[in-house]
Amino acid sequence: MARRALITGITGQDGSYLAEHLLEQGYEVWGLVRGQANPRASRMRRLLSDVRVVRGDLLDQGSLISAVERVQPDEVYNLGAISFVPMSWEQAELTAEVTGMGVLRMLEAIRVCSGVSRGGGGAASGQIRFYQASSSEMFGQVSETPQNEATAFHPRSPYGVAKAYGHFLTQNYRESYGMFAVSGILFNHESPRRGAEFVTRKVSLGVARIKLGLASELRLGNLEARRDWGFAGDYVKAMHLMLAADKPEDYVIGTGRMKSVRELVEAAFAAAGLDWERYVVTDQALHRPAEVDLLCADPKKARAQLGWEPRVSFDELVAMMVDSDLRLLTAGGPDEDFSWP
């Protein structure tokens, strides 16, 4: 009988790639979607026709219990979140409720539906395996570089704080209830499916608009911020490997190589045959209230214990995104959409 997976946040970038990967592995895949009309949900159902949908909301404990009871999953991947860092400053309370408390509600739904009590048997007794999408934003003002599983957290945004809360909750449910619950501390991972509000997609769309004569400039904030950028399609495979492991552990997932926003811009304009300095305008209003300047993963543990390696290089990723947005805009698609490569 096929293993069954339930994915929150399935209409987002990571959810779509993870669903594809699990379907290729022979899973029965369910996606949790909120009850109101959601254009991304309809697009997901159209493009991933083999994914089944169950109603539920990370803000509503009862709906999560009902969803878990209906699906009876072997694995739950909690990818749902308010994930755009600047928005977390504007909607800090909502971010705390969805990105932080949503983890608690899902863990409780799994515990209740599995009949797990304190000191329970965990994976050995066939309990549901749980993956929490933690984030490199938890490191924030870093105490060491690169960052590994033991590096201290110092988040610099409501989003990072909420992710840290969910991360520690996952550890606590693992240690207190014996649940197979793990966190993947994923560094920045991008793709043509990234939302248009994120800097990588803002850059690739901006370059495509300029190349096609639809815009004359690209306004950006801090060009010197450095990140460890990889391809989302590679990173979802690490999520699956964590839940397939013999014992539950947390892992840092990244490339181990840093690039600045300036280098991202240079690569994107180069992919379109343009000189970035002619078009890019820096705007102080686009800087974060508390900037995170330096994030770089130390993925040695994932490499050694999971056998995971990133496959797509930084330059390949940027070129992929620019090419996708050129095709998208040429076809007349909306900016928030994406071509499904």
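All values reported here derive from a predicted model rather than from experimental measurement.

*Asks:* Please explain the nonpolar core as it appears in this structure.
*Replies:* Here is a general trend for soluble globular proteins: nonpolar side chains tend to be buried in one another's company. Ranked by internal contacts, the top residues of the largest apolar core, which has 35 residues, are Ile7, Tyr77, Tyr131 and Ile253. Here this core takes seven residues from helix H8 (residues 232-244), the largest share from any one element. Excluding residues within four positions of it along the chain, Ile7 makes contact with Gly15, Leu18, Ala19, Leu22, Val29, Trp30, Gly31, Leu32, Tyr77 and Leu79.

*Asks:* Help me understand the packing of aromatic side chains in this model?
*Replies:* Aromatic ring pairs are reported here in terms of the distance separating the ring centres and the angle at which the planes meet. Scanning the entire structure with this criterion turns up nine aromatic pairs. Ring centres of Tyr235 and Trp308 lie 5.4 Å apart, and the angle between their planes is 90°; this geometry places the pair in the edge-to-face category. Note that Tyr235 is positioned in helix H8 and Trp308 in the loop between helix H10 (300-306) and helix H11 (314-330), a separation of 73 residues in sequence. For Tyr235, a relative accessible area of 0% puts it in the buried group. Aromatic ring contacts, followed pair by pair, group Phe139, Phe153, Phe168 and Phe187 into a single cluster. A cation over an aromatic ring shows up here: Arg194 above the ring of Phe198, its NZ or CZ 3.8 Å from the ring centre. Over the face of the ring belonging to Tyr251 we find Lys301, whose NZ or CZ atom lies 4.7 Å from the ring centre.

*Asks:* Would you explain the sheet that holds strand S2 (residues 28-33) in this entry?
*Replies:* Strands in a sheet are paired, the pairing made by backbone hydrogen bonds, and the direction either parallel or antiparallel. Across the sheet, which stays open at both edges, the seven strands sit in the order S3-S2-S1-S4-S5-S6-S11 with parallel pairing between neighbours. Both outer strands of the open sheet, strand S3 (52-55) and strand S11 (251-253), are each paired with one neighbouring strand and no more. The average undirected angle you get between the axes of adjacent strands in this sheet is 25°. Here five bridges tie strand S1 (residues 4-8) to S2, and the two strands are oriented parallel to one another. Its bridge partner lying in S2, Thr8 is registered against Leu32. Of the strands in this sheet, S1, S2 and S3 touch helix H3 (residues 61-71), which is tilted by about 145° from S3. Against the sheet, helix H6 (residues 158-177) touches strand S5 (129-135) and strand S6 (181-186), its axis set at about 150° to S5.

*Asks:* What's the story with the packing of helix H7 (residues 199-211) against helix H9 (residues 261-271) in this structure? I'm lost.
*Replies:* When two helices pack together, their arrangement is given by the angle between their axes and by how far apart the axes lie. Interaxial distance between H7 and H9 falls to 10 Å at its minimum, and their mutual angle equals 35°. For the pair H7 and H9, the crossing hand works out as right-handed. Across the interface between the two elements, Val199, Thr200, Val203, Val207 and Ile210 of H7 pack against Val261, Leu264, Val265, Ala268 and Phe269 of H9. Its residues placed into classes, the contact of H7 with H9 shows nine nonpolar, one polar and no charged.

*Asks:* What should I look at first to understand unusual backbone geometry in this one?
*Replies:* Of note, the amide linkage connecting Thr145 to Pro146 takes the cis form, showing an omega dihedral of 0°. Within the secondary structure, Pro146 sits in the loop between S5 and H6. Here the phi dihedral of Gln72 falls at roughly 50°; this positive angle occurs in a residue that is not glycine. As for its position among the elements, Gln72 is in the loop between H3 and strand S4 (75-78).

*Asks:* When you look at the packing of helix H1 (residues 13-24) against H8 in this model, what are you seeing that I'm missing?
*Replies:* Remark: H1 packs on H8, axes separated minimally by 9 Å, with the N-to-C direction vectors making an angle of 65°. Between H1 and H8 lies a crossing of right-handed hand. In this structure, H1 contributes Gln13, Asp14, Tyr17, Leu18, His21 and Leu22 to the contact, and H8 contributes Ala232, Gly233, Val236, Lys237, Met239 and His240. The residue makeup of the contact of H1 with H8, split by class, is six nonpolar, four polar and two charged.

*Asks:* Would you mind going over empty space enclosed by the protein with me for this structure?
*Replies:* Sizing a probe to match a water molecule and rolling it over the atoms shows the empty space that remains. A complete count under the given rule lists two cavities of 30 Å³ or more for this structure. Here the second largest cavity defines a volume of roughly 30 Å³. Taken together, Thr200, Ser204, Leu264, Ala268, Val318, Met321 and Val322 make up the lining of the second largest cavity. Listing elements by their share of the lining of the second largest cavity, those giving two or more residues are H7, H9 and H11. With three residues, the top contributor of residues to the lining of the second largest cavity is H11.

*Asks:* Even after reading the chapter, I still don't get H6, so can you show me in this structure?
*Replies:* Think of an α-helix as 3.6 residues a turn; residues three or four steps apart then line up on the same face. An ideal rise of 1.5 Å per residue puts 28 Å on 20 residues; H6 measures up with 28 Å between its terminal C-alpha atoms. Just past H6, the residue Gly178 takes up positive phi, approximately 70°.

*Asks:* Would you mind showing me how to read the environment of Leu264 here?
*Replies:* Checked against the element boundaries, Leu264 lands in helix H9. Leu264 sits 65 residues away from Val199 along the chain, and the two C-alpha atoms are 9.4 Å apart. Not counting chain neighbours up to four residues away, the residues in contact with Leu264 comprise Val199, Thr200, Val203, Trp229, Phe314 and Val318.

*Asks:* Can you walk me through the pattern of salt bridges in this structure?
*Replies:* It is possible for side chains bearing opposite charge to pair when their charged atoms get close. Enumeration over the complete set of coordinates arrives at 18 salt bridges. Lys247 serves as the salt-bridge partner of Glu249, at 3.5 Å between the closest nitrogen and oxygen. Overall, the relative accessible area of 17% leaves Glu249 in the buried class. A relative accessible area of 52% places Lys247 in the exposed class. Here Lys301 makes a salt bridge to Glu249, at a shortest N to O gap of 2.9 Å. Taken as a pair, Lys301 in helix H10 and Glu249 in the loop between H8 and S11 lie far apart in primary sequence, 52 residues in all. What you see here is one network of salt bridges that share partners, running through Arg4, Glu28 and Arg52.

What counts as what
Residues numbered from 1 in each chain as written. Predicted model: local features only at pLDDT ≥ 70, side-chain atom pairs only at ≥ 80, totals over all residues. Heavy atoms only, no water. Core = buried A, V, L, I, M, F, W, Y, C linked by side-chain atoms within 4.5 Å. Buried < 20%, exposed > 50% of the residue type's maximum accessible area, 1.4 Å probe, protein only. Helix = DSSP H or I, 4+ residues; strand = E, 2+ residues; numbered from the N terminus. Contact = heavy atoms within 4.5 Å. Phe/Tyr/Trp six-rings, centres within 6.5 Å; stacked < 30°, edge-to-face > 60°. Lys NZ or Arg CZ within 6 Å of the ring centre and 35° of its normal. Pairing = 2+ DSSP bridges. Axes fitted to C-alpha atoms, helices over the stretch in contact; angles between N-to-C directions. Left-handed = near helix turned anticlockwise from the far one by under 90°. Nonpolar A, V, L, I, M, F, W, Y, C, P; charged D, E, K, R; others polar. 1 Å grid on protein atoms, 1.4 Å probe; cavity = no way out; pocket = protein on both sides within 12 Å on 5 of 7 lines; lining within 4 Å. Points joined across faces, edges and corners; volume = space filled by probe spheres on them. Expected span 1.5 Å × (residues − 1). Salt bridge = Lys/Arg side-chain N within 4 Å of Asp/Glu carboxyl O.

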